[in-house]
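# Tertiary structure, described
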Amino acid sequence: MEEIRIEIKRVRPQAAPLALPAYMTEGSAGMDLCADIDGDLRLAPLERTLIPTGIAVALPMGFEAQIRPRSGLALKQGLTMVNSPGTIDADYRGEIQLIAINLGQEPVVIARGQRIAQMVVQRVVKARWHEVSELPVSDRQEGGFGHTDTTVQGFKGSKVQGS
């Protein structure tokens, strides 16, 4: 597996240090991110908040970091990230902060140092547009929104046959 070197900075080094992002298993794609908050944070149902992580990074050009929810917290408590996946660009040097929302039916309590999200580092490919008057033909063409279902009812065209 390829590895890259990424510079990381603690934003509040005077505070009790939290764990740096870390892979929890050998096969993990994402590194867990911790909440860098002073005390417990109570998040009511449907409430959202910005949670600092206490770190800033310098990603190499050609890479991004994607921020995703932790599946266990999403399933058990309804805690997820609003803009998932969130993107940390290679030229961003500020603190990584997480936009969390409680989609559960009960309040969620987040503690200092709790692992609340994952960060996945990915390569980025830049697109260069080439405007044309017609696009190449494909088997799918304009089929979307359930086009492969046997029958899709209630939408423009009423019935769509698919494979």
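Residues numbered from 1 in each chain as written. Predicted model: local features only at pLDDT ≥ 70, side-chain atom pairs only at ≥ 80, totals over all residues. Heavy atoms only, no water.

## Some words on the sheet that holds strand S4 (residues 48-52)
- The antiparallel open sheet is built from 3 strands, whose spatial order is S4-S9-S7. A strand with exactly one partner marks an edge of an open sheet, and here the two such strands are S4 and strand S7 (79-81). Geometrically, the sheet is characterised by an average inter-axis angle of 40° between neighbouring strands, direction not taken into account.
- As judged from the 3 bridges shared by S7 and strand S9 (residues 97-102), these two strands associate in the antiparallel manner. If you follow Thr-80 over to S9, its bridge partner there is Ile-101. (Pairing = 2+ DSSP bridges. Helix = DSSP H or I, 4+ residues; strand = E, 2+ residues; numbered from the N terminus. Axes fitted to C-alpha atoms, helices over the stretch in contact; angles between N-to-C directions.)

## Concerning the environment of Ala-56
- Among the structural elements, Ala-56 can be located in strand S5 (residues 55-58).
- Judged by its relative accessible area of 7%, Ala-56 is buried.
- Sequence separation of Ala-56 and Arg-12 is 44 residues, and the distance between their C-alpha atoms is 10 Å.
- Aside from chain neighbours lying at most four places away, what touches Ala-56 is Glu-7, Ile-8, Lys-9, Val-11, Arg-93, Gly-94 and Glu-95. (Buried < 20%, exposed > 50% of the residue type's maximum accessible area, 1.4 Å probe, protein only. Contact = heavy atoms within 4.5 Å.)

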